[in-house]
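What the coordinates show
Single-letter residue listing:
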Amino acid sequence: MKEIIACEMVFEGELSDKADICCVPFQEKNWEEYRRVYNECFCEMRRALEVEPVNFYSDYGQMKDKARDTYLHMRQGVLAGAVSCYGNEVDDLFVNKAFQGQGLGRKLLLWGMNRVREQGSSDIILHVAEWNQIAVKLYLETGFVIRKKEKVR
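All values reported here derive from a predicted model rather than from experimental measurement. (Residues numbered from 1 in each chain as written. Predicted model: local features only at pLDDT ≥ 70, side-chain atom pairs only at ≥ 80, totals over all residues. Heavy atoms only, no water.)

1. Section: the overall build of the chain
- Scanning the chain from N- to C-terminus turns up three helices and seven strands.
- N-terminal to C-terminal, the α/β element order of the chain is β-β-α-β-β-β-α-β-α-β.
- Over its C-alpha trace the chain gives a radius of gyration of 15 Å, about what one expects of a compact globule, namely 15 Å for 153 residues.
- Principal axes of the C-alpha set define a box for the chain whose edges measure 40 × 35 × 30 Å. (Helix = DSSP H or I, 4+ residues; strand = E, 2+ residues; numbered from the N terminus. Rg over C-alpha atoms; globule rule 2.2 N^0.38 Å.)

2. Details of the pairing of strand 1 (residues 5-11)
- Taking burial as the measure, the seven residues of strand 1 include six buried ones, the bulk of the element.
- Bridge count for strand 1 against strand 7 (residues 144-151) is seven bridges, and the pairing is antiparallel. The partner of Ile5 across the bridge, within strand 7, is Lys151.
- Pairing analysis gives five bridges linking strand 1 to strand 6 (residues 125-129), with the strands arranged antiparallel. Its bridge partner being in strand 6, Val10 is matched across the sheet by Ile125. (Buried < 20%, exposed > 50% of the residue type's maximum accessible area, 1.4 Å probe, protein only. Pairing = 2+ DSSP bridges.)

3. Looking at the packing of aromatic side chains
- Here the structure, examined in full by the defined rule, presents 16 aromatic pairs.
- Consider the rings of Tyr38 and Tyr57, whose centres lie 4.7 Å apart with planes at 65°: the pair is edge-to-face. With Tyr38 in helix 1 (residues 31-48) and Tyr57 in the loop between helix 1 and strand 3 (70-75), this pair connects stretches of sequence that are 19 residues apart.
- A residue is classified by how much of its surface remains accessible, and Tyr57, at 1% relative accessible area, is buried.
- Put simply, the rings of Phe26, Trp31, Tyr34, Tyr38, Phe42, Phe56, Tyr57, Tyr60 and Phe94 pair up and form one aromatic cluster. (Phe/Tyr/Trp six-rings, centres within 6.5 Å; stacked < 30°, edge-to-face > 60°.)

4. Overview of the nonpolar core
- In terms of nonpolar packing, the biggest core is built from 30 residues, with Leu108, Leu109, Met113, Ile124, Val128, Tyr139 and Phe144 touching the most fellow members.
- Breaking this core down by element, the ones donating at least two residues are strand 1, strand 4 (78-86), strand 5 (89-95), helix 2 (104-118), strand 6 and helix 3 (133-142).
- Top element by residues in this core is helix 2. It accounts for seven residues.
- In this structure, Val51, Tyr57, Leu79 and Ala129 belong to the second largest nonpolar core, which totals 20 residues. (Core = buried A, V, L, I, M, F, W, Y, C linked by side-chain atoms within 4.5 Å.)

5. Some words on the environment of Gly120
- Checked against the element boundaries, Gly120 lands in the loop between helix 2 and strand 6.
- For the pair Gly120 and Asn88, spaced 32 residues apart in the sequence, the C-alpha separation amounts to 8.5 Å.

6. Topic: the pattern of salt bridges
- The final tally for this structure, using the stated rule, is ten salt bridges.
- A salt bridge links Glu8 to Arg147, with the nearest nitrogen and oxygen atoms 2.8 Å apart. With Glu8 in strand 1 and Arg147 in strand 7, this residue pair connects regions lying 139 residues apart in the sequence.
- On the basis of relative accessible area, Arg147 is assigned to the partly exposed category, the value being 49%.
- The shortest N-O distance in the salt bridge between Lys149 and Glu130 comes to 2.6 Å. Residue Lys149 is located in strand 7, and its partner Glu130 is located in the loop between strand 6 and helix 3; the two are separated by 19 residues in the primary sequence.
- Connected via shared salt-bridge partners are Arg106, Lys137 and Glu141. (Salt bridge = Lys/Arg side-chain N within 4 Å of Asp/Glu carboxyl O.)

Coordinates in, geometry out; function isn't part of it.
Below is the structure:
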């Protein structure tokens, strides 16, 4: 079984930018597309880290409690990416593979960070698997620092 290291990161930069994208609240009608794109985005990591099931989402019941904190960025009626904001935490940020490499991950991160601040939190945190070096690099470049690393498995 592969070792999994999770990084807890805290934002220590200056949040001066607003994201120049629009995100809309998740609705149940978005479930099937959200499930498909989420699973596509995280399956490589889950497979590499031997996390089962590889496709995490299978039933809407798994999303029900998270739905009110999840926001979608749509482009021409297609789910381009999503981000969730739980209290002071940015979570479940992903970009549809068809839209990767265009800076959308950074924009979703900024959008989520601004949402956390709008909801009254001054501290912004996130958690990321150390395996996901592309995400870790983005977060470090944006002003996050690693507060701690924890062996999850």
